[in-house]
Amino acid sequence: MRYLLTAVIMTLAFSNSALACSGTEDYPAAVKALENNQHLSAEQKDVLMKDLMAGMAIHDDGHATSNMSKMGQSLQILQTLKPQISQ
């Protein structure tokens, strides 16, 4: 019974950290914002999209491996790209 309770608590803790991660919603929102941006050239959009996809891949890998360092790195990438996307 103690093991079951521990497993349930750990599952809830890990799922809450994934739900609380801003990158889970912010990466798809940034992709949509970039696609809808009328002020950037096609070349600029391509470069930013490539960078976004690389950041999203790091983010997804961070979640898959529970690597907080990768998740943090991916969020830094996102924060760097957001101002460029919203120009």
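As the structure is a computational prediction, the values presented were derived from the model and not from experiment.

Calculation criteria
- Residues numbered from 1 in each chain as written.
- Predicted model: local features only at pLDDT ≥ 70, side-chain atom pairs only at ≥ 80, totals over all residues.
- Heavy atoms only, no water.
- Helix = DSSP H or I, 4+ residues; strand = E, 2+ residues; numbered from the N terminus.
- Contact = heavy atoms within 4.5 Å.
- Axes fitted to C-alpha atoms, helices over the stretch in contact; angles between N-to-C directions.
- Parallel < 35°, antiparallel > 145°, perpendicular 65-115°, else oblique.
- Left-handed = near helix turned anticlockwise from the far one by under 90°.
- Nonpolar A, V, L, I, M, F, W, Y, C, P; charged D, E, K, R; others polar.
- Salt bridge = Lys/Arg side-chain N within 4 Å of Asp/Glu carboxyl O.
- Buried < 20%, exposed > 50% of the residue type's maximum accessible area, 1.4 Å probe, protein only.

## Concerning the environment of Glu 35
Part 1 of the reasoning: Assignment of secondary structure puts Glu 35 in helix H2 (residues 23-36).
Part 2 of the reasoning: Spatially, the C-alpha atom of Glu 35 lies 7.7 Å from that of Lys 45, the residues being ten residues apart in sequence.
Part 3 of the reasoning: Apart from the residues lying within four places of it in its own chain, the contact partners of Glu 35 are Lys 45 and Met 49.

## So, the packing of H2 against helix H3 (residues 42-65)
Part 1 of the reasoning: Interhelical geometry of H2 versus H3 gives an angle of 165° and a closest axis separation of 11 Å. One finds that H2 runs roughly antiparallel with respect to H3. Taken as a pair, H2 and H3 cross one another with a handedness that is left-handed. Here H2 contributes Gly 23, Thr 24, Tyr 27, Pro 28, Ala 30, Val 31, Leu 34 and Glu 35 to the contact with H3, which in turn contributes Lys 45, Leu 48, Met 49, Leu 52, Met 53, Gly 55, Met 56, His 59 and His 63.

## Looking at the packing of H3 against helix H4 (residues 68-85)
Part 1 of the reasoning: Across the interface, H3 lies against H4 with an axial gap of 8 Å and an inter-helix angle of 155°. The orientation of H3 relative to H4 falls into the category roughly antiparallel. Along this stretch, H3 crosses H4, giving a crossing that reads as left-handed. Two secondary-structure elements touch here, H3 through Leu 48, Asp 51, Leu 52, Gly 55, Ile 58, His 59, Asp 61, Gly 62 and His 63 and H4 through Lys 70, Met 71, Gln 73, Ser 74, Leu 75, Ile 77, Leu 78, Leu 81, Gln 84 and Ile 85.
Part 2 of the reasoning: By residue class, the composition of the contact of H3 with H4 is nine nonpolar, seven polar and three charged.

## A closer look at the pattern of salt bridges
Part 1 of the reasoning: Under the criterion given, the structure shown has two salt bridges.
Part 2 of the reasoning: Here Lys 82 and Asp 26 are joined by a salt bridge, their closest N and O atoms 3.4 Å apart. You can see Lys 82 sitting in helix H4 and its partner Asp 26 sitting in helix H2, a full 56 residues away along the chain.
Part 3 of the reasoning: The class of Asp 26 is partly exposed, set by a relative accessible area of 22%.
Part 4 of the reasoning: Where Lys 70 meets Asp 61, a salt bridge forms, and the shortest distance between an N and an O atom there is 2.3 Å.
Part 5 of the reasoning: Residue classification places Asp 61 among the partly exposed residues on the basis of a relative accessible area of 30%.

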